[in-house]
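Fold and geometry: a report
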Amino acid sequence: MQYFIVMIDYGRRGREAVVDPEITRREVISRAASGEYKNISFVHEVVDRVVDDITDEILAEAALPEIAADGADLQASRLDHARDLRKHERTT
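The numbering scheme is per chain: residues are counted from 1 as the chain's sequence reads. Local features in a predicted model are, by the rule used here, given only for residues with pLDDT of at least 70; side-chain atom pairs are given and counted only at 80 or more, and totals for whole chains, interfaces and linings are based on all residues. Note: side-chain values were computed over all heavy atoms of the structure, leaving out hydrogens and water.

1. So, the side chain of Glu45
What counts is decided by this rule: Starting at the N terminus, helices and strands are each numbered in turn, a helix being any DSSP run of H or I of at least four residues and a strand any DSSP run of E of at least two. The buried label goes to any residue with under 20% of its type's maximum accessible area, the exposed label to any with over 50%, and the partly exposed label to all in between, with areas taken from a 1.4 Å probe on protein chains only. As used throughout, the charge tally considers Lys and Arg to be positive and Asp and Glu to be negative, leaving His and the chain termini uncounted. The working definition used for a salt bridge is a side-chain nitrogen of Lys or Arg within 4 Å of a carboxyl oxygen of Asp or Glu. For the purposes of these results, a polar contact is taken to be a pair of N or O atoms within 3.5 Å, where, inside protein, one atom must be able to donate a hydrogen and its partner to accept one; residues adjacent in sequence count only when each atom of the pair is a side-chain atom. In what follows, a contact means two residues having at least one pair of non-hydrogen atoms within 4.5 Å.
One can find Glu45 in strand E3 (residues 40-47). With no salt bridge to any partner, buried Glu45 finds its closest opposite charge in Arg25, at an N-O distance of 4.4 Å. There is a polar contact of 2.5 Å between the side chain of Glu45 and the side chain of Gln2. Dropping the residues within four chain positions of it, Glu45 is found in contact with Gln2, Tyr3, Phe4, Arg25, Val50, Val51, Asp52 and Ile54.

Here it is in structure tokens:
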């Protein structure tokens, strides 16, 4: 039998262990990525009475790729600047 234990830390309100034998690794990753599981203390995988700490693996897989905003921001800045120049042009 395989299942996952996700320990969520609520700070002053305490901690909660989410243990559901029906949940898959993919679902744990999905819930972590969506923010349903926030402030994860640890994730343990239990397989036939053997416990592995897979917290780092799950968090790494759940991390959303960072999108460089340089290109979009530069283009938006150029368009804003051009609009401002047109708006403040002197009409003669």
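2. Digging into helix H2 (residues 55-62)
Convention followed: Arc, as used here, means the arc of the directions from the helix axis to the C-beta atoms.
Every buried residue of H2 is listed here: Thr55, Ile58 and Ala62. The buried residues of H2 occupy an angular sector of 70° when projected down its axis, which confines them to one face. Among the exposed residues of H2, those oriented more than 90 degrees off its buried face are Asp56 and Ala60. The inward-facing, buried residues of H2 contact helix H1 (25-34), E3 and strand E4 (50-53).

3. Section: the nonpolar core
Selection criterion: Take the buried residues of types Ala, Val, Leu, Ile, Met, Phe, Trp, Tyr and Cys, join any two whose side-chain atoms come within 4.5 Å, and each joined set is a nonpolar core.
Val6, Val28, Tyr37, Ile40, Val43 and Ile58 are the most contacted members of the largest nonpolar core, which totals 14 residues. For this core, the secondary structure elements donating two or more residues are strand E1 (2-9), H1, E3 and H2. Every residue in contact with Val28, bar those within four places of it in the chain, is listed here: Phe4, Val6, Ile23, Tyr37, Val43 and Ile58.

4. Remarks on the pattern of salt bridges
For the structure on display, the rule yields four salt bridges. A salt bridge links Arg25 to Glu61; the shortest N-O distance between them is 2.9 Å. On the criterion of sequence distance, the pair formed by Arg25 in helix H1 and Glu61 in helix H2 is long-range, its members being 36 residues apart. Taken together, the salt bridges that share partners define one network made up of Arg25, Glu57 and Glu61.

5. Points about H1
Listed in full, the buried residues belonging to H1 are Val28, Ile29 and Ala32. Projected down its long axis, H1 shows its buried positions confined to an angular sector of 95°, all on one face. Seen from the open side of H1, the exposed residues pointing more than 90 degrees away from its buried face are Arg26 and Ser34. On its buried face, H1 is in contact with E1, E3 and H2.

6. Remarks on the pairing of E4
Here is the key point about a regular strand: its side chains alternate between the two faces of the sheet. Here is the rule: Strand pairing is assigned whenever DSSP detects at least two bridges linking the two strands.
The sheet contact formed by E3 and E4 spans four bridges and is antiparallel. Across the sheet, the residue bridging to His44 is Asp53, located in E4. Where E3 folds back onto E4 in an antiparallel hairpin, the turn is made up of two residues, including Asp48, whose phi is positive at roughly 45°.

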